[in-house]
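Spelled out from the first residue to the last, the chains are:
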Amino acid sequence: MEKWRFIAQRALGGTILDWDVPLALTSNPRRELSGPGSMTGTIEPEYQRMIGSDGKPLIQEWGTKLFLEINGAIRWGGVVTSTAYDGGKATIRCEGFTAYPHGIPFESHMISGPLITPKDPYAGKDKNHDGWVDGKKGKQRMPKPPKPYGGHRHDVYAAVRAIWAHIKARPYGDIGLIVDSHNLGELLGARDGSDPWELAWWDNPDCGQVIDTLTRLTPFDWREDHFWAKSTGNTIAHRLRLGKPRLGRRRTDLRFADAENIIAIARPEGMGDEYANEAVVLGKGEGRKMARAQVAAYDGRLRRVVTITDKTLSSTAALAKRGRAELAGRTKALQIPRIQVIDHYNARFGSWQLGDDIRIQVQVPWVGNIDVWHRVIADEVSADGIITLDLRRSDSFVY
């Protein structure tokens, strides 16, 4: 039998407030690939431990972290983001740590690939405009001014780390998340300085929205993990794992099949109204000067077009890349959006990670046998031991 407990911790300082919060779930703890995930529950009736040892409320919006431990392993972690009270009943919503940057302004300046125009050492030295350096007529012609060039460019992951470092450096802003230190190998901005990427406080950028935009622009995967820092001790570590560019691997060691460990599947779905085999991507600018790219992936079906607007993009290459990524998710065939599984020797609970590719083998009425690789993009665990996996066809991802 699985042993569950909910652990409450002060958001700043890390003091453990309660080792066994009597939380009754109203939605299962949900982890998401490149998303914060969430968990909701209630506490009823009011109990004495609702005041922490520091005299503050045990459950406090943006002041309390909650973790789910199952059989000694941390399976979910987040921060309390909203509370509501009705008599002796408290309703609590939690979101993953990566929800925290949303609503936090970026109050500094960062630019990647700026256009740099070097100083012309001969500027103003041909006052009579005869094409010769003043005082050196017949000896030295005026050289052409040095050409502009593109300045230093930041790796995408360096930009993500810089945003998180900015958040953590502000007073009371350190949520305790450690960001991976490797680089993606993709640089922001154009090499020649024609299309710099800039993050400036005067544009009032939202840190969370900027990270989300970078995730779509490149694209790449990220996942937040929470775990005991040591096998013994009371320190919970928090890490933001960055893909290179994707997380997970093809799990040939796991098996997911109906009548074995799959106990329910959501109705298979095609693209329907979402299907498209051509994309028009609109970027920076207005009217006729608006940046635009058009990409297609014709597959023998009638032409269907989707139009995407992303004002963060201006180069043709970036717009086309965004279009190809969009089409990858709109042209593929049937997929299984969700399955429910039990803990089974085919695939033990916790044996997969978000981003893994798993082979789904099921039989579907009107369709027949489906044997297709899908990626795990979210998972939920319920107290009765049933795990729900959200899936997308593996071949619908472009990196």
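Let me sum up the structure you'll find in this document. This is a predicted model, so every value here is computed, not measured.

### Considering the sheet that holds strand E11 (residues 178–179)
Right, so step 1: Taken together, the 3 strands give an open sheet; going across it, the order is E11-E14-E13, and neighbouring strands pair in mixed fashion. At either end of the open sheet lies a strand with only one pairing partner, and these are E11 and strand E13 (222–228).
Right, so step 2: Pairing of E13 with strand E14 (residues 236–242), which is carried by 7 bridges, proceeds in the antiparallel orientation. Looking at the pairing, Arg-223 lines up with Arg-241 of E14.

### Description of the layout of surface pockets
Right, so step 1: Of the pockets and cavities examined, the largest pocket occupies roughly 770 Å³.
Right, so step 2: Lining the largest pocket are 32 residues, with Leu-188, Trp-197, Leu-217, Thr-312 and Leu-313 sitting closest to its centre.
Right, so step 3: Looking at the lining of the largest pocket, the elements with two or more residues in it are strand E12 (197–200), helix H2 (207–217) and helix H3 (316–328).
Right, so step 4: For the lining of the largest pocket, the per-class residue count stands at 14 nonpolar, 8 polar and 10 charged.
Right, so step 5: Of the volumes computed, that of the second largest pocket is approximately 630 Å³.
Right, so step 6: Counting only elements with at least two residues in the lining of the second largest pocket, the list comes to H2 and H3.
Right, so step 7: Per-class residue counts for the lining of the second largest pocket are 10 nonpolar, 4 polar and 8 charged.

About the thresholds
Residues numbered from 1 in each chain as written. Predicted model: local features only at pLDDT ≥ 70, side-chain atom pairs only at ≥ 80, totals over all residues. Heavy atoms only, no water. Pairing = 2+ DSSP bridges. Helix = DSSP H or I, 4+ residues; strand = E, 2+ residues; numbered from the N terminus. 1 Å grid on protein atoms, 1.4 Å probe; cavity = no way out; pocket = protein on both sides within 12 Å on 5 of 7 lines; lining within 4 Å. Points joined across faces, edges and corners; volume = space filled by probe spheres on them. Nonpolar A, V, L, I, M, F, W, Y, C, P; charged D, E, K, R; others polar.

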